[in-house]
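Listed below, chain by chain, are the residues.
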Amino acid sequence: MKLSNLLAPLVYTPYKLSLRVLLSLSLVTLLTVTSLAQVNGLHAQTPEPPEGSYSESQAQGIDRMIMCPVCPAETIDQAQVEISFQMRAVVREMLADGKERDEILDFFVERYGKDILAAPPKTGANLVAWLAPVVGFGAGLVAVFLIIRSMSRQRPALLSAQPVQDAGLIPYLQLVDRHLDLTRGGTSNQPSYSVESRGTGVPEQTEGKSEKEDKG
Amino acid sequence: MADLGAISLWIALALAAYSTVGSVAGKLRLSPALVESAQSAMYAAGLALMVATLSLVVSFISRDFEIAYVAAHSDLAMANKFTWVAFYAGNEGSLLYIATILSIMSAVAVWRAPEKFKDALPYTTAILMLTLTFFVAVMAVMANPFDKLPFVPLDGDGINPLLTHFGMFFHPPALMAGLIGITVPFAFAIGSLLAGKIGDEWVDAGRVWGMVSWVLLAGGLLLGSWWAYTILGWGGFWFWDPVENAAFMPWLGITAFIHSIMVQKRRGMFRMWNIVLINVAFGLALYGMFMNRGGSVPSVHSFGASQLGWIFLLFLAVGVIVPFAIFIWRYPLLKSAQNLDSMLSREAAFLVNNMLLLAIAFVTLWGTVYPLLSRLTNDEEITVARPFYDQVNGPLMLGLVFLMGVGPLIPWRKAGMASLRKSLLPPVVGGLLTVGILAALGLHKDYALIAFGLATFVTTGILMEWFRGTRSRHRNSGENYAAAFFRLIAANRPRYGGYIVHLSVVMVTLGIVGTSFFGVQKDVVLSIGESTTINDYELVYLGTVEVQKSNRTEFTSTVQVFRDGELLDTLRTKRAFYPSFNMAATAAAIRSTPVEDLYVVPSENLPDGSVGFRVLVNPLIWWMWVAGPVMVLGTVIALWPQKIRAPAPARPPRRFVPGPRPSAA
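Only a predicted model underlies this, so the values are computations on that prediction, with no experimental measurement involved.

1. Overview of the overall build of chain A
Link 1 in the chain: If you tally the helices and strands in chain A, you get eight helices and zero strands.
Link 2 in the chain: The order of helices and strands in chain A, counted from the N terminus, is α-α-α-α-α-α-α-α.
Link 3 in the chain: Each of the 216 residues in chain A was classed as buried or not, and the buried ones make up 24%.
Link 4 in the chain: Put simply, 50% of the contacts in chain A that link residues at least 6 apart link residues at least 24 apart.

Structure representation (structure tokens):
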């Protein structure tokens with residue numbers, strides 16, 4: 001855990017210990033994920049193919065761009081029908097002849113029309129298909145930004161200490177706040193409590209519960 | 001039985017219609033008696049539908065082939081357990097299932113509705129029953145499951161072999177229940193609007209029923225993916241086809257809703273937004289049902305194919321336009337109780353989360369609609385399929401995973417920079433280290449690197465929250481760590497249940513990234529004794545056994561798996577040919593480990609005894625299937641009621657507002 005030692009001074013001293021544990025936790029997660037991914041990562045490194053040949057994954061990449069002409073909504077990579085077997089073979093033949101991906105796709109477009117491609121080409125009018133999501137997303141971001149700004153610019157809500165109804169809960173609530181403060185490190189939210197008299201003096205239940213949750 | 005079922009349907013229709021009209025009339029004319037009788041009619045409609053359901057089940061078990069639906073979806077050879085599946089194998093039965101589920105959910109929702117909502121309840125009942133009336137009417141008139149044939153056939157057509165899979169016992173019913181379930185939170189929202197309620201009374205019911213639909217949809221989608229993975233025989237689990245998308249979009253909508261509703265529950269904000277979201281989710285759910293019922297051809301062209309399609313389209317239009325009109329009418333009522341304090345707050349994070357989810361839904365809808373647009377405007381036939389969605393939705397989903405890590409760590413209201421740095425430091429360090437280490441190990445796919453980094457980021461954040469909470473309990477109450485951990489979860493179930501669900505989403509992410517970026521696939525034809533290699537596995541094909549069954553020919557092929565010369569496993573793949581359907585069903589043999597799946601599926605049996613196999617290595621996909629139960633567990637924890645139920649408060653629930661700090665302590 002050398003790293004945690006290195007990083008510990010960066011943060012508030014009283015939290016050194018907790019930070020160390022936290023960092024080791026993050027390390028554990030990380031090691032699990034990396035070790036899992038590593039095994040596969042090493043597999044994934046395929047050597048550069050020699051001149052004039054092609055890799056199977058390259059061919060599959062092309063398969064996945066071509067729809068099967070007789071089975072709706074399936075690519076030739078997925079479809080289990082004769083024509084898709086043949087089309088896959090054509091893709092591989094053309095690759096072996098040294099054809100590029102685009103040439104092969106064009107070949108199929110010429111024969112079957114543009115809708116043989118699994119996604120519209122990023123040219124001409126079909127650029128709209130690709131740009132609309134980007135524009136929509138941008139507009140959404142701007143809208144959210146404006147909404148947040150307008151909502152936060154309004155007159156700030158009145159800050160007032162609302163009374164707690166059950167006097168017996170006060171020490172408990174203070175304890176909770178202290179813990180939260182300890183663990184969260186926030187120093188700004190120090191609530192104070194007062195008791196609201198309700199005449200009967202019988203405390204009403206459960207209000208404290210929901211308030212405790214509210215702090216989460 | 002057929003007559004009993006048909007009569008029950010008509011009775012249910014009458015009761016549901018009466019309940020709709022009675023609720024509204026009773027409410028408007030201030031007649032509690034009428035409202036009450038309308039409510040009883042709702043329960044009775046549920047009973048009538050259960051009788052109808054039962055009649056259809058009995059007809060299936062007794063193989064009453066006089067009923068057209070039974071003859072079309074079962075035969076004498078079918079095992080009785082498949083009655084469950086045959087029940088919803090066609091439009092008629094699915095509609096009956098949907099109507100029955102809606103009536104049960106309505107009854108439970110109205111029965112359990114909070115006291116404070118009572119005022120608006122008649123409207124909610126009316127909306128639920130109006131929807132039910134629609135489904136039952138469509139069924140009774142256009143797709144009656146109890147229609148009789150003019151003669152009694154000796155045997156039925158049999159069940160579609162693709163449906164005789166374990167996943168099919170749960171995937172369609174879960175999805176259908178999830179889709180129709182969105183009606184319930186929707187009815188609460190609109191009911192509250194119609195009654196002119198200020199805003200927050202419907203929130204609890206909306207949240208609970210929203211989550212019920214959410215988990216049904218999520219589970220249904222995962223089970224569907226699993227079914228596709230094990231039986232469709234191409235090695236993948238999701239390919240963005242229109243019907244999948246139709247179920248995916250409402251899930252996105254309801255996901256946005258159950259997050260955003262938390263803000264209203266806790267802070268009294270986003271009142272308008274939540275109404276908009278539930279309307280959107282409901283609209284998408286109707287669209288999903290329309291896509292499913294419109295016909296079996298998985299494309300938009302199919303809506304002319306079945307008359308049902310148009311009726312559903314009409315209902316979809318009404319179901320979207322009318323609620324928005326009501327929303328605009330009641331708009332002035334929906335003012336937030338609080339203001340947003342800062343861009344750096346959980347509220348703001350939720351808004352961005354909503355925006356991303358809706359963006360994904362928009363892209364998905366856009367991809368479905370674009371081919372139509374292109375044909376109309378450009379007169380050009382265009383396909384929009386998987387490569388489009390992968391490229392456009394992929395980055396958006398990563399953004400969502402990122403927010404999933406940030407959101408729970410940002411406090412409500414306003415985040416202080418210092419506390420934010422402290423809570424985000426370990427996850428960020430974890431994420432960056434993951435990226436660094438993986439890159440150093442030679443993994444150079446940027447996308448995958450980012451995804452793995454984000455996965456660690458989210459997981460670290462969640463573990464950190466758990467650790468901090470547990471330690472705090474341990475220190476302050478002396479509970480041991482295990483007890484402290486469980487009590488921590490029990491004390492704030494919505495929150496910690498939510499974290500468990502988030503973990504399951506991380507697991508799904510691992511599965512998707514693993515297979516999309518590191519999957520290896522190979523098609524080979526092997527004759528007996530031949531072998532092939534994939535990654536470090538060596539596969540030897542030993543032979544095929546052919547067995548004639550009453551309705552199919554089964555080919556079972558045996559493949560031995562070696563690694564480093566050592567026998568790892570013996571796999572048996574199945575391929576069954578059903579002559580009556582002229583259709584082959586495959587079952588992949590999968591050697592599954594948390595690291596990777598070795599997946600072997602036969603694609604064709606050649607006359608000379610050799611077999612065409614597709615072999616895949618799918619890394620990390622195991623995590624995706626394990627995520628399902630984890631997701632359900634998390635949701636159940638989040639939904640589990642706290643022991644002490646608050647009595648209905650006379651005033652709106654108080655907020656915990658920090659007061660001025662005591663000057664002297």
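2. Things to note about the overall build of chain B
Link 1 in the chain: Check the secondary structure of chain B and you find 19 helices and nine strands.
Link 2 in the chain: Dimensions of chain B, computed from the C-alpha atoms along their principal axes, are close to 90 × 70 × 60 Å.
Link 3 in the chain: Here chain B, with 665 residues, has 55% of them falling under the buried criterion.
Link 4 in the chain: Considering only contacts in chain B between residues 6 or more positions apart, those separated by 24 or more positions represent 73%.

3. What to know about the pairing of strand E8 (residues 596-605) of chain B
All names here are of chain B.
Link 1 in the chain: Among the ten residues that make up E8, seven are buried, leaving the element largely enclosed by the rest of the structure.
Link 2 in the chain: Sheet topology note: the strand E7 (residues 589-592)/E8 ladder contains four bridges and is antiparallel. Paired with alanine 589 across the two strands is valine 600, which belongs to E8.
Link 3 in the chain: Taking the residues between adjacent antiparallel strands as the criterion, E7 and E8 are bridged by three residues.
Link 4 in the chain: As defined by bridge partners, E8 adjoins strand E9 (residues 611-619) across nine bridges and the pair is classed as antiparallel. Among the inter-strand pairings, valine 600 is bridged to a residue of E9, identified as valine 615.
Link 5 in the chain: Hairpin connection of E8 to E9: five residues between the antiparallel strands, including glycine 609 at a positive phi of 90°.

4. A word on unusual backbone geometry
Residues and elements named next belong to chain B.
Link 1 in the chain: In this model, phenylalanine 270 sits at a positive phi of 60°, which is unusual for a non-glycine residue.
Link 2 in the chain: By the secondary structure assignment, phenylalanine 270 is in the loop between helix H10 (242-267) and helix H11 (271-293).
Link 3 in the chain: At aspartate 564, a residue that is not glycine, the phi angle is positive and equals roughly 50°.
Link 4 in the chain: Summarising the element assignment, aspartate 564 is placed in the loop between strand E4 (553-563) and strand E5 (566-578).

5. What about the packing of helix H16 (residues 446-477) of chain B against helix H18 (residues 493-518) of chain B?
Residue and element names in this part refer to chain B.
Link 1 in the chain: Taken N-terminus to C-terminus, the directions of H16 and H18 make an angle of 165°; their axes are 10 Å apart at the nearest point. In this view, H16 runs roughly antiparallel relative to H18, as classed from their interaxial angle. Remark: the crossing between H16 and H18 carries left-handed chirality. The segment H16 lies against H18, with Tyr447, Ala448, Ala451, Phe452, Ala455, Val458, Thr459, Ile462 and Glu465 engaging Tyr499, His502, Leu503, Val506, Thr509, Leu510, Val513 and Phe517.
Link 2 in the chain: The residue inventory of the contact of H16 with H18, partitioned by class, reads 13 nonpolar, three polar and one charged.

6. Digging into the sheet that holds E7(B)
All names here are of chain B.
Link 1 in the chain: Taken in spatial order, the four strands line up as E1-E9-E8-E7 in an open sheet, and their pairing is antiparallel. In this open sheet, the two strands that pair with only one neighbour each are strand E1 (520-526) and E7. Put simply, the sheet's adjacent strands are angled 15° from each other on average, direction ignored.

7. Concerning the environment of Val508(B)
Residues and elements named next belong to chain B.
Link 1 in the chain: Looking at where valine 508 falls in the secondary structure, it is placed in helix H18.
Link 2 in the chain: Residue valine 508 is classed as buried on the basis of its C-beta count, with 23 C-beta atoms lying within 10 Å.
Link 3 in the chain: Between the C-alpha atom of valine 508 and that of phenylalanine 239, which follows or precedes it by 269 residues, the distance is 16 Å.
Link 4 in the chain: Not counting chain neighbours up to four residues away, the residues in contact with valine 508 comprise Met624 and Ala627.

8. Overview of the sheet that holds strand E6 (residues 583-587) of chain B
Residues and elements named next belong to chain B.
Link 1 in the chain: Taken in spatial order, the five strands make up an open sheet running E2-E3-E4-E5-E6, and their pairing is antiparallel. This sheet does not close on itself; its edge strands, each paired only once, are strand E2 (531-534) and E6. Pairs of neighbouring strands in the sheet enclose a mean axial angle of 25°, with direction left out of account.
Link 2 in the chain: Pairing geometry for E2 and strand E3 (residues 537-548), over four bridges, is antiparallel. Paired with isoleucine 534 across the two strands is tyrosine 537, which belongs to E3.

9. Topic: the confidence of the model for chain B
Residues and elements named next belong to chain B.
Link 1 in the chain: Here chain B shows a mean pLDDT of 87. Residues at 70 or above account for 94%.
Link 2 in the chain: Across residues 295-305 the pLDDT falls below 50, and counting only partners more than four positions away or on other chains, this stretch makes 24 contacts in the model.
Link 3 in the chain: A low-confidence stretch, residues 644-665 (pLDDT under 50), is modelled with 33 contacts involving residues beyond four sequence positions or located in other chains.
Link 4 in the chain: Model confidence for the complex: the whole-complex pTM is 0.83, and ipTM, which rates the interface, is 0.79.

10. Here we look at helix H5 (residues 101-112) of chain A
Link 1 in the chain: Between its first and last C-alpha, H5(A) extends 17 Å over twelve residues, near the 16 Å set by a 1.5 Å rise per residue.
Link 2 in the chain: A positive phi of about 95° marks Gly113(A), the residue just after H5(A).

11. Quick notes on the domain arrangement of chain B
Residues and elements named next belong to chain B.
Link 1 in the chain: Along its sequence, chain B is organised into domain 1 (1-164) and domain 2 (520-622).
Link 2 in the chain: Measuring from the centre of the C-alpha atoms in domain 1 to the corresponding centre in domain 2 gives 43 Å.
Link 3 in the chain: When grouped by side-chain class, the residues that make up the side of domain 1 that touches domain 2 number three nonpolar, two polar and no charged.

12. Things to note about the confidence of the model for chain A
Residue and element names in this part refer to chain A.
Link 1 in the chain: Here chain A averages 68 in pLDDT, and 49% of its residues register 70 or above.
Link 2 in the chain: Confidence scores differ between elements of chain A, with helix H8 (residues 207-215) showing the lowest mean pLDDT of 40 and H5 the highest of 92.
Link 3 in the chain: Every residue in residues 1-17 is under pLDDT 50, and counting partners more than four places away or in other chains gives 16 contacts.
Link 4 in the chain: Note on residues 184-216: pLDDT under 50 across the span, and 68 contacts to partners over four residues away in sequence or across chains.

13. Section: helix H14 (residues 386-406) of chain B
All names here are of chain B.
Link 1 in the chain: With 21 residues, H14 extends 29 Å from end C-alpha to end C-alpha; this agrees with the ideal 30 Å at 1.5 Å per step.
Link 2 in the chain: For H14, the principal kink sits at asparagine 393 and spans about 35°; a proline, proline 395, occurs within the next four residues.
Link 3 in the chain: Taken residue by residue, H14 has Arg386, Phe388, Tyr389, Val392, Asn393, Leu400, Val401, Leu403, Met404, Gly405 and Val406 as its buried positions.

14. Points about the environment of Met464(B)
Link 1 in the chain: Along the polypeptide, Met464(B) turns up in helix H16.
Link 2 in the chain: C-alpha separation for the pair Met464(B) and Ile360(B), spaced 104 residues apart in sequence, amounts to 29 Å.

15. Quick notes on the packing of helix H1 (residues 2-28) of chain B against helix H2 (residues 32-61) of chain B
All names here are of chain B.
Link 1 in the chain: Here H1 crosses H2 at 160°, and the two axes come no closer than 7 Å. Compared by their axis directions, H1 and H2 come out roughly antiparallel. Crossing angle aside, the handedness with which H1 passes H2 is left-handed.
Link 2 in the chain: Class assignment of the residues belonging to the contact of H1 with H2 gives a composition of 21 nonpolar, nine polar and one charged.

16. A closer look at the nonpolar core
Link 1 in the chain: Ile66(A), Ala12(B), Ala99(B), Phe135(B) and Ala281(B) are the most contacted members of the largest nonpolar core, which has 220 residues in total.
Link 2 in the chain: In terms of residues, this core owes the most to one element, helix H9 (residues 203-231) of chain B, which gives 18 residues.
Link 3 in the chain: When sequence neighbours within four positions are dropped, the list of residues in contact with Ala99(B) reads Leu49(B), Leu132(B), Phe135(B), Val136(B) and Met139(B).
Link 4 in the chain: By size, the runner-up hydrophobic cluster in this structure holds 19 residues, among which are Val561(B), Leu598(B), Val600(B) and Phe613(B).

Each value, and the rule that gives it
Residues numbered from 1 in each chain as written. Chains lettered and ligands numbered in written order. Predicted model: local features only at pLDDT ≥ 70, side-chain atom pairs only at ≥ 80, totals over all residues. Helix = DSSP H or I, 4+ residues; strand = E, 2+ residues; numbered from the N terminus. Buried ≥ 20, exposed ≤ 12 C-beta atoms within 10 Å, placed from the backbone. Contact = placed C-beta atoms within 7 Å. Pairing = 2+ DSSP bridges. Axes fitted to C-alpha atoms, helices over the stretch in contact; angles between N-to-C directions. Parallel < 35°, antiparallel > 145°, perpendicular 65-115°, else oblique. Left-handed = near helix turned anticlockwise from the far one by under 90°. Nonpolar A, V, L, I, M, F, W, Y, C, P; charged D, E, K, R; others polar. pLDDT = per-residue confidence, 0-100. Expected span 1.5 Å × (residues − 1). Domains from an automatic or database assignment. Bend = angle between axes of the 7 residues up to and from the residue. Core = buried A, V, L, I, M, F, W, Y, C linked by C-beta atoms within 7 Å.

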